[in-house]
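# Notes for the structure review
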Amino acid sequence: CYPTHEVFLDMVNVKLGRDGTARGMSPDELRRSPPKSTSESDGIDYELIAELLKMIDSSDDGAWRFVSSVETDAIAHNSKAGAVLIFLPGTGEISQLIATIEEVGAPEHWWLLQLHGALGAEEQQDAFKTVFPQGKTLKIIACTNVAETSVTVPDVTVVIDSCRERRTGIDKFSN
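Note that this is a predicted model, so its numbers are computed, not measured. (Residues numbered from 1 in each chain as written. Predicted model: local features only at pLDDT ≥ 70, side-chain atom pairs only at ≥ 80, totals over all residues. Heavy atoms only, no water.)

## Focus: the side chain of Lys139
Stated formally: A run of DSSP states H or I qualifies as a helix once it reaches four residues; a run of E qualifies as a strand once it reaches two. Both are numbered from the N-terminal end. Buried residues are those whose accessible area, probed at 1.4 Å on protein chains only, stays under 20% of the maximum for their type, while exposed residues exceed 50% and partly exposed ones sit between those limits. Identification of polar contacts relies on pairs of N or O atoms within 3.5 Å, with a donor-acceptor requirement for protein atoms, meaning one able to donate a hydrogen and the other able to accept it, and with residues adjacent in sequence counted only if both atoms are side-chain atoms. Two residues qualify as a contact provided that any one of their heavy atoms is within 4.5 Å of a heavy atom in the partner residue.
Mapped onto the elements, Lys139 comes out in strand 3 (residues 138-144). Under the relative-accessibility criterion, Lys139 is labelled buried at 0%. Separated by 2.6 Å, the side chain of Lys139 and the backbone oxygen of Lys129 make a polar contact. Engagement of the side chain of Lys139 in a polar contact is seen with the side chain of Asp155, the distance being 3.1 Å. Among all residues touching Lys139, those that are not within four sequence positions of it are Ala83, Val84, Trp111, Leu113, Asp126, Ala127, Phe128, Lys129, Phe132, Val153 and Asp155.

## Quick word on helix 1 (residues 9-16)
Put simply, the rule is: Taken from the helix axis, the directions to the C-beta atoms give the arc we talk about.
Of all the residues in helix 1, the buried ones are Val12, Asn13 and Leu16. Take helix 1 and look down its axis: the buried residues cluster within an arc of 100 degrees, on one side only. Count one or two residues on from helix 1 and you reach Gly17, which has phi positive near 75 degrees.

## Things to note about the environment of Val153
In this fold, Val153 is placed in the loop between helix 8 (146-149) and strand 4 (156-161). Taking the C-alpha atoms as reference points, Val153 and Leu85, 68 residues apart in sequence, are found 8.6 Å from one another. When residues no more than four places from it in sequence are discounted, the contact partners of Val153 are Leu115, Ala127, Phe128, Lys139 and Ile141.

## Points about the pattern of salt bridges
Worth spelling out the cut-off: Each reported salt bridge corresponds to a side-chain nitrogen of Lys or Arg within 4 Å of a carboxyl oxygen of Asp or Glu.
Evaluation of the coordinates by the stated rule reveals two salt bridges. Among the ionic pairs, Lys129 bridges to Asp126, the shortest N-O distance being 2.9 Å. Residue classification places Asp126 among the partly exposed positions, given a relative accessible area of 21%.

## Some details on the sheet that holds strand 1 (residues 83-88)
Heads up, the condition is: Strand pairing is assigned whenever DSSP detects at least two bridges linking the two strands. Only the stretch in contact is used when fitting a helix axis, every axis being a line fitted to C-alpha atoms; angles between N-to-C directions are given from 0 to 180 degrees.
If you trace the four strands from one edge of the open sheet to the other, you get 2-3-1-4, paired in parallel fashion. The open sheet terminates on both sides in strands that have one partner only, identified here as strand 2 (110-115) and strand 4. Averaged over all pairs of adjacent strands, the angle between strand axes in this sheet comes to 20 degrees, irrespective of strand direction. In this sheet, strand 4 lies alongside strand 1 in parallel orientation, the contact comprising five bridges. Following the sheet pairing, Leu85 is matched in strand 4 by Val159.

## Side note on the environment of Glu47
Relative to the assigned elements, Glu47 resides in helix 4 (residues 46-58). For Glu47, a relative accessible area of 41% gives the class partly exposed. Separated by 50 residues in sequence, Glu47 and Leu97 place their C-alpha atoms 8.3 Å apart.

## Comments concerning a nonpolar patch on the surface
Basically, it comes down to this: Exposure above 30% relative accessible area and the absence of a salt bridge qualify a residue for a patch, where like charges join within 9 Å and nonpolar side chains (Val, Leu, Ile, Met, Phe, Trp, Tyr) within 5 Å. Computed with a 1.4 Å probe, the accessible areas rest on the Shrake-Rupley method; for each residue, only the protein chains presented here act as cover.
Taken together, the side chains of Val7, Met11 and Val14 define a hydrophobic patch exposed on the protein surface, amounting to about 240 Å² of accessible area. Here Val14 is to be found in helix 1. You can call Val14 exposed: its relative accessible area is 62%.

Note that all results are geometric; they support no functional claim without further evidence.
This is the structure we're talking about:
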């Protein structure tokens, strides 16, 4: 069992030295304004996620770097243990994130995996393995929110949620 702490985007931006207040786009804003770039079309900052992963990997404290020191003083932990699970709304966003991570230069020791319903059973099982392939030391799983409620990945210690999801429904104003 791992200790849990919530860290919000404002704190992540402070720790990464990013300027400005974190501000996502509401679904209405996304519909009204034309996208300026691929990442803005869905409101997900893929570069931020890639930067966050690099910081988690390079910091001696791992993801604990983003938790205030008051909360971590009493916790004995292995800061580099476990996998990172990233929730995204769909397979297109998963592919975009993996492409962005590869563009910014993912280290060779990262094991990048996808987890969604369109994958074959064998590919899905990779996400549940706790023994990594040779040379891999950090497992990063980009998945849809189906993994949020229907499966448990045993070694996940860090969760990054894009706060975006796909829902089927009817807009009562436009049908």
